[in-house]
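If you want the building blocks of each chain, they are given just below.
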Amino acid sequence: MSYSVENFGSREALDRGLCARVEAILQAAIDERGSAFCVVSGGSTPLGFFRQLSTAKLDFSKVTFGLVDERWVSPDHDDSNERAVRSHLLQGAASSAEFVPLFGGGPDAAADAAAADQTFKTLPTFDVVLLGLGLDAHTASLFPGAVGLQAALEPGGCSAVAALQPPAAPHTRLTLTVARLINTRHLFVQATSAEKLEVLSAAAASEDALSMPISWFLNQQLVPLQVFWAP
Ligand code: 6PG
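So, here's what we can say about the structure. (Residues numbered from 1 in each chain as written. Predicted model: local features only at pLDDT ≥ 70, side-chain atom pairs only at ≥ 80, totals over all residues. Heavy atoms only, no water.)

Let us now look at the pattern of salt bridges. Summed over the entire model, instances satisfying the criterion amount to seven salt bridges. For Asp 127, the salt bridge goes to Arg 33, with nearest N and O atoms at 2.7 Å. A residue pair is termed long-range when its members are at least 10 positions apart, and Asp 127 in the loop between helix H4 (109-122) and strand E6 (128-131) and Arg 33 in helix H1 (residues 11-33) qualify at 94 residues. The buried category is assigned to Asp 127, whose relative accessible area is 2%. Residue class for Arg 33 comes out partly exposed when judged on its relative accessible area of 39%. A salt bridge links Asp 59 to Lys 62; the shortest N-O distance between them is 3.7 Å. Residue Asp 59 is classed as partly exposed on the basis of its relative accessible area of 34%. Each of Glu 32, Arg 33, Asp 127 and Arg 185 takes part in salt bridges that share partners, so that together they form one network. (Salt bridge = Lys/Arg side-chain N within 4 Å of Asp/Glu carboxyl O. Helix = DSSP H or I, 4+ residues; strand = E, 2+ residues; numbered from the N terminus. Buried < 20%, exposed > 50% of the residue type's maximum accessible area, 1.4 Å probe, protein only.)

Given below as structure tokens:
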């Protein structure tokens with residue numbers, strides 16, 4: 001088990017602390033390699049962090065953002081993760097950053113997954129992967145009970161992007177696979193509430209990633225996982 005949990009006391013402090021950490025990593029990547037790559041979670045938890053990061057003193061023209069997952073809806077749909085990133089993160093100076101979408105407007109989710117798979121296979125090691133967490137222990141769009149989940153959980157798998165249908169959550173999903181997500185220098189989870197902290201503890205004690213997909217990330221020994229948490 002190689003993960004740590006930092007309690008920031010409040011969601012505002014969590015957003016500020018996570019922003020400071022990510023900004024420092026992206027700046028170091030730009031200094032060392034001339035570019036930085038950051039893939040972020042969808043959902044509601046990261047929106048405050050997005051707004052904080054959009055004001056960072058970075059040369060965003062050297063930063064590429066992506067998503068760990070997407071609902072297979074158009075970018076103007078209320079449920080689009082791309083829409084959330086463009087509305088809350090790619091604003092001001094951050095609007096000069098590159099964004100690599102998962103939704104491609106193809107005939108179906110499988111076609112978009114195949115296209116995004118080719119793209120994400122060409123991207124280098126990420127500097128930051130920011131995961132979210134659902135109360136059912138899903139992360140990204142790696143949902144318990146989803147057809148195709150086992151293949152998407154294989155660290156040695158050949159796919160970078162998969163199309164999955166959550167058993168209950170809305171929309172067909174496009175998700176980065178474990179094989180792509182673990183190819184990162186820094187691996188973070190942002191989560192809030194006591195309930196999600198309980199899910200993390202239960203998942204850390206579980207060896208069953210099919211039932212609790214976040215447990216794969218909590219129990220792997222490849223990249224230290226840091227949980228950024230607030231009540
Ligand atoms: C999504 C996310 C998903 C999210 C969790 C938590 O597309 O919904 O990527 O994995 O991180 O469902 O969502 P909240 O942050 O809204 O609780």
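Having seen the structure, we can now continue with the description.
Now for the layout of surface pockets. Estimated volume of the largest pocket: approximately 290 Å³. Every residue lining the largest pocket is counted, 22 residues in all, and those nearest its centre are Ser 41, Gly 42, Gly 43, Leu 133 and His 138. Each residue belonging to the lining of the largest pocket can be placed in one class, and the counts come to seven nonpolar, eleven polar and four charged. (1 Å grid on protein atoms, 1.4 Å probe; cavity = no way out; pocket = protein on both sides within 12 Å on 5 of 7 lines; lining within 4 Å. Points joined across faces, edges and corners; volume = space filled by probe spheres on them. Nonpolar A, V, L, I, M, F, W, Y, C, P; charged D, E, K, R; others polar.)

Another point: the packing of aromatic side chains. The final tally for this structure, using the stated rule, is six aromatic pairs. Measuring from centroid to centroid gives 5.8 Å for Trp 72 and Phe 103, while their planes differ by 45 degrees, and the two rings are tilted. Within this pair, whereas Trp 72 is found in the loop between strand E4 (69-71) and helix H3 (81-88), its partner Phe 103 is found in the loop between strand E5 (98-100) and H4, the two being separated by 31 residues in sequence. Overall, Trp 72 belongs to the partly exposed group, its relative accessible area being 26%. (Phe/Tyr/Trp six-rings, centres within 6.5 Å; stacked < 30°, edge-to-face > 60°.)

The next thing to look at is the sheet that holds strand E8 (residues 173-176). The strand order across the open sheet built from three strands is E4-E8-E7, with neighbouring strands paired in antiparallel fashion. If you trace the sheet from one side to the other, it starts and ends with E4 and strand E7 (161-164), each paired once. Mean inter-strand twist for the sheet, computed between neighbouring axes without regard to direction, equals 15 degrees. One ladder, built from three bridges, connects E4 with E8; its direction is antiparallel. Bridging across to E8, Glu 70 finds its partner in Leu 174. Sheet strands in contact with H4 are E7 and E8, and its direction is about 165 degrees off that of E7. (Pairing = 2+ DSSP bridges. Axes fitted to C-alpha atoms, helices over the stretch in contact; angles between N-to-C directions. Contact = heavy atoms within 4.5 Å.)

Attention shifts here to the site of the ligand. Inspection of the region around the ligand gives 14 residues, with Ser 44, Thr 45, Asp 69, Arg 71 and Ala 140 positioned closest. In the model, an oxygen atom of the ligand is placed 2.8 Å from a nitrogen or oxygen of the Arg 71 side chain. One of the side-chain N or O atoms of His 138 is found 2.8 Å from an oxygen atom in the ligand. Starting from 410 Å² of accessible surface for the ligand in isolation, the protein chains cover 86%. More than half of the atoms belonging to the ligand lie within 2 Å of the grid points that define the largest pocket. Classifying every residue of the shell around the ligand gives two nonpolar, eight polar and four charged. (Near = heavy atom within 4 Å. Polar contact = N/O pair within 3.5 Å; in protein donor to acceptor, adjacent residues only side chain to side chain. Areas by Shrake-Rupley, 256 points an atom, 1.4 Å probe, with all protein chains shown as cover. Sits in = over half its atoms within 2 Å of the grid points.)

Before going further, it helps to spend a moment on the state of the cysteines. Disulfides are covalent bonds that connect the sulfur atoms of two cysteines. Tallied over the entire structure, the rule returns zero disulfides. No disulfide involves Cys 19; its sulfur sits 10 Å from that of Cys 38, the nearest cysteine. With relative accessibility at 5%, the residue Cys 19 sits in the buried group. (Disulfide = S-S within 2.5 Å.)

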